[in-house]
Amino acid sequence: MSDTLFTKIINREIPADIVYEDDLSLAFRDIQPQAPVHLLIIPKKPIVTINDMQEEDKVLFGHLFYVARQLAGEMGFAEDGYRVVMNCNEHGGQSVYHVHLHLLAGKPLGWPPYTEKLKV
Ligand code: 5GP
């Protein structure tokens, strides 16, 4: 697989506002924030979509959630609340094909994401 944008951010080939890093993951501010706080938490391992997750990656995905929880506490919005989202493929709205957790916070967030009337 060729390097994605996010691999280039990991390798410091393109700039990003990095807020956290460890051996397994990196967190940085989204370039087009959809909430007052909008962070992306990515594994350093270049997994393309959730569909490409292997059994060996289960702990790594849990780690991404743990980083989200830690950042929510440190950045002071844990009690007010926040949202974590991982989009998958076209219908999920994925645009960068290196899995990433969106961490959104800072205001009450809208729900649901699908606004057309559903047939029941
Ligand atoms: P997706 O649509 O794949 O779930 O999310 C990709 C996210 O990456 C989008 O929210 C988009 O704004 C963000 N993004 C795209 N290019 C860049 C970039 O070069 N730098 C940063 N920090 N975020 C980016």
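Anything mentioned here points back to the structure above.
Throughout what follows, the structure given in this document is the object of discussion. (Residues numbered from 1 in each chain as written. Predicted model: local features only at pLDDT ≥ 70, side-chain atom pairs only at ≥ 80, totals over all residues. Heavy atoms only, no water.)

## Quick look at the overall build of the chain
Item 1. When helices and strands are tallied, the chain shows three helices and five strands.
Item 2. For the chain, the α and β elements follow one another from N to C terminus as α-β-β-β-α-β-α-β.
Item 3. Since a compact globule built from 120 residues should have a radius of gyration of about 14 Å, the 15 Å found for the chain is in line with a globular shape.
Item 4. If you sum the accessible surface of the chain, you get close to 7900 Å²; carbon and sulfur atoms cover 53% of it.
Item 5. Both charge centroids of the chain, one from 11 positive and one from 16 negative side chains, sit 6 Å from each other. (Helix = DSSP H or I, 4+ residues; strand = E, 2+ residues; numbered from the N terminus. Rg over C-alpha atoms; globule rule 2.2 N^0.38 Å. Areas by Shrake-Rupley, 256 points an atom, 1.4 Å probe, with all protein chains shown as cover. Lys, Arg positive; Asp, Glu negative; His and termini not counted. Charge placed at Lys NZ, Arg CZ, Asp CG, Glu CD.)

## Brief notes about the sheet that holds strand β2 (residues 25-29)
Item 1. Spatially, β1-β2-β3-β5-β4 is the arrangement adopted by the five strands of the open sheet, whose pairing is antiparallel. This sheet does not close on itself; its edge strands, each paired only once, are β1 (18-21) and β4 (82-85). Pairs of neighbouring strands in the sheet enclose a mean axial angle of 20°, with direction left out of account.
Item 2. Sheet topology note: the β1/β2 ladder contains three bridges and is antiparallel. Counterpart to Glu21 in the pairing with β2 is Leu26.
Item 3. Packing against the sheet, helix α2 (residues 58-75) makes contact with β1, β2, β3 (37-43), β4 and β5 (101-105), and its axis sits at approximately 150° to β3. (Pairing = 2+ DSSP bridges. Axes fitted to C-alpha atoms, helices over the stretch in contact; angles between N-to-C directions. Contact = heavy atoms within 4.5 Å.)

## Thoughts on unusual backbone geometry
Item 1. That bond from Trp111 to Pro112 is cis: its omega, 5°, falls within 30 degrees of zero.
Item 2. The topology assignment puts Pro112 in the segment after β5.
Item 3. You will see that Arg12, though not glycine, has its phi angle at about 60°, which is positive.
Item 4. With respect to the helices and strands, Arg12 occurs in the loop between α1 (5-10) and β1.
Item 5. Judged by relative accessible area, which is 46%, Arg12 ranks as partly exposed.
Item 6. Despite not being glycine, Asn89 has its phi angle at roughly 60°, a positive value. (Buried < 20%, exposed > 50% of the residue type's maximum accessible area, 1.4 Å probe, protein only.)

## Brief notes about the nonpolar core
Item 1. Among the nonpolar cores identified, the biggest contains 18 residues, and Ile41, Leu71, Phe77, Met86, Leu101 and Leu103 are the most heavily contacted of them.
Item 2. Elements supplying a minimum of two residues to this core: β3, α2 and β5.
Item 3. When residues of this core are assigned to their parent elements, the largest contribution, seven residues, is made by α2.
Item 4. Residues in contact with Ile41, not counting those within four places in the same chain, are Leu26, Ala27, Leu64, Val67, Ala68, Leu71, His100, Leu101 and Leu103.
Item 5. Counting eight residues, the second-largest nonpolar core is a separate cluster that includes Ile10, Leu40, Ile42 and Val96. (Core = buried A, V, L, I, M, F, W, Y, C linked by side-chain atoms within 4.5 Å.)

## Quick word on the pattern of salt bridges
Item 1. Scanning the entire structure with this criterion turns up six salt bridges.
Item 2. Note that Lys45 and Glu56 form a salt bridge whose closest N and O atoms lie 3.1 Å from each other. Of the two residues, Lys45 sits in the loop between β3 and α2 while Glu56 sits in the loop between β3 and α2, which places them eleven residues apart along the sequence.
Item 3. Among the residues examined, Glu56 registers a relative accessible area of 63% and is labelled exposed.
Item 4. Between Glu55 and Lys58 there is a salt bridge, with its nearest N and O atoms 3.5 Å apart.
Item 5. Ionic contacts of the salt-bridge type, sharing partners, join the residues Arg12, Glu21 and Lys44 into one network. (Salt bridge = Lys/Arg side-chain N within 4 Å of Asp/Glu carboxyl O.)

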